[in-house]
Amino acid sequence: MPGYAEILVSTFIVLGGLFGLVGSFGLIKLRDTMQRLHGPTKATTLGIGSVLIASMTYFYLIKGHVSFHELLITLFLFLTAPITANFIAKAYITRHIREQDLPATSSDYGWSVYDDPPGKETEEG
Amino acid sequence: MIEIALLFAFGCYSLGLLFNLWRITRGPDAADRILALDTMVINVIALLILYGIREGTSVYYEASMLVAMVGFVSTVAYCRFILRGDIIE
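Cut-off values and rules
Residues numbered from 1 in each chain as written. Chains lettered and ligands numbered in written order. Predicted model: local features only at pLDDT ≥ 70, side-chain atom pairs only at ≥ 80, totals over all residues. Helix = DSSP H or I, 4+ residues; strand = E, 2+ residues; numbered from the N terminus. Rg over C-alpha atoms; globule rule 2.2 N^0.38 Å. Buried ≥ 20, exposed ≤ 12 C-beta atoms within 10 Å, placed from the backbone. Contact = placed C-beta atoms within 7 Å. Nonpolar A, V, L, I, M, F, W, Y, C, P; charged D, E, K, R; others polar. pLDDT = per-residue confidence, 0-100. Core = buried A, V, L, I, M, F, W, Y, C linked by C-beta atoms within 7 Å. Axes fitted to C-alpha atoms, helices over the stretch in contact; angles between N-to-C directions. Parallel < 35°, antiparallel > 145°, perpendicular 65-115°, else oblique. Expected span 1.5 Å × (residues − 1).

Caption draft 1: Summary view of the overall build of chain B. A count of helical and extended segments in chain B gives 3 helices and 0 strands. Helices and strands appear in chain B in the N-to-C order α-α-α. For chain B, whose C-alpha radius of gyration is 15 Å, the value lies well above the compact-globule estimate of 12 Å for 89 residues. Across its three principal directions, the C-alpha atoms of chain B cover 50 × 30 × 10 Å. Counting the 89 residues in chain B, one finds 42% classified as buried. Relative to all contacts within chain B whose residues are 6 or more apart in sequence, the contacts with residues 24 or more apart total 40%.

Caption draft 2: Structural detail: the overall build of chain A. A count of helices and strands for chain A gives 5 helices and 0 strands. In chain A, the succession of helices and strands from N to C terminus is α-α-α-α-α. Computed over the C-alpha atoms, the radius of gyration of chain A is 21 Å, more than 25% above the 14 Å expected from 2.2 N^0.38 for a compact globule of 125 residues. With the C-alpha coordinates of chain A rotated into their principal frame, the extents come out at 70 × 40 × 20 Å. Counting over 125 residues, chain A shows a buried share of 34%.

Caption draft 3: Focus on the interface of chain A and chain B. At the junction of the two partners, chain A supplies 45 residues and chain B supplies 43 residues. Its residues placed into classes, the side of chain A that touches chain B shows 25 nonpolar, 15 polar and 5 charged.

Caption draft 4: View of the confidence of the model for chain B. Residue and element names in this part refer to chain B. Per-residue confidence for chain B gives a mean pLDDT of 88, with 99% of residues at or over 70. The secondary structure element of chain B with the lowest average pLDDT is helix α3 (residues 60–84), at 89, and the one with the highest is helix α1 (residues 2–26), at 91. For this predicted complex, the interface score ipTM comes out at 0.85, while the overall pTM is 0.86.

Caption draft 5: Spotlight on the environment of D38 of chain B. Summarising the element assignment, D38 of chain B is placed in helix α2 (residues 30–55). Accessibility expressed as a C-beta count within 10 Å gives 27 for D38 of chain B, which makes it buried. Residues D38 of chain B and L17 of chain B, 21 residues apart in the sequence, show an inter-C-alpha distance of 11 Å. Residue contacts for D38 of chain B: discarding those within four places in its chain leaves P40 and T84 of chain A together with G71 and T75 of chain B.

Caption draft 6: Molecular detail of the nonpolar core. Counting residues in each nonpolar core, the largest one holds 45 residues, and the members touching the most others are I13, V51 and I88 of chain A together with I45, A46, I49 and L50 of chain B. Looking at this core, the elements with two or more residues in it are α1 (4–29), α3 (38–62) and α4 (69–96) of chain A together with α1, α2 and α3 of chain B. Broken down by element, the residue count for this core peaks at 14 residues, all from α2 of chain B. Apart from the residues within four sequence positions on either side, I45 of chain B is in contact with I48 of chain A together with S64, V67 and A68 of chain B.

Caption draft 7: Broad picture of the environment of A31 of chain B. Structurally, A31 of chain B is set in helix α2. Each C-alpha atom of the pair A31 of chain B and I82 of chain B lies 9.0 Å from the other, and the pair is 51 residues apart in sequence.

Caption draft 8: View of the packing of α3 of chain A against α4 of chain A. Residues and elements named next belong to chain A. Where α3 meets α4, the axes come as close as 10 Å, and the angle between the chain directions of the two elements is 175 degrees. Relative to α4, the element α3 lies roughly antiparallel. Contacts from T41, T45, I48, G49, L52, S55 and M56 of α3 reach α4 at E70, I73, T74, L77, F78, A81 and A85. When the residues that make up the contact of α3 with α4 are grouped by side-chain class, the tally is 8 nonpolar, 5 polar and 1 charged.

Caption draft 9: Quick look at α1 of chain B. The terminal C-alpha atoms of α1 of chain B, which comprises 25 residues, lie 36 Å apart, in line with the 36 Å expected from a rise of 1.5 Å per residue. For α1 of chain B, the full list of buried residues reads A5, L6, A9, C12, Y13, G16, F19, N20 and R23 of chain B.

Caption draft 10: Spotlight on the environment of G47 of chain A. Within the secondary structure, G47 of chain A sits in helix α3. In contact with G47 of chain A, other than residues within four places in its own chain, are G16, F19, G20 and G23 of chain A together with A46 of chain B.

So, in structure tokens, the structure goes:
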């Protein structure tokens, strides 16, 4: 007879597996590179967050000791996922989209892929 | 019950790894390959943590933490190489 702790942990594990599968499936299903960027960065990150919650609840409710390693890993992954997505999008823009095809930015400075960052001239000069 | 859920999640993430491998071999662009590699790292972290739950030990957190850090650094280095032609300027 499974207790409520086992049901909770199993739910989180199954949810995490489903989200990870959806994210990786989006990688082969979606048509464009910019579309494909959405699957892994959002769904897979959510999936691994769910797996880490399952691990925390498992070790707390069933093994009986609290561990904070999962929180560290969650924090690290949730911080780095947007950064890698931004870098990959920039790499794609550099190789495939010309500067004149990009829409105008609403500020004095252009796209960071093609223009120097603001304040660079003053640093050097 | 947890055993069945673990088996299901192992299957999901293994299938996800195969999808990523397919995207790495086929991917029309370097950005696709970097993205697939990054997803592969995340899936491997998930597999490590699930294996830790299955074995009931907390030894695998350090391993998954290391994999996460190395994966992030390698992704950023690869993107930076494409962006600037150099990793450390």
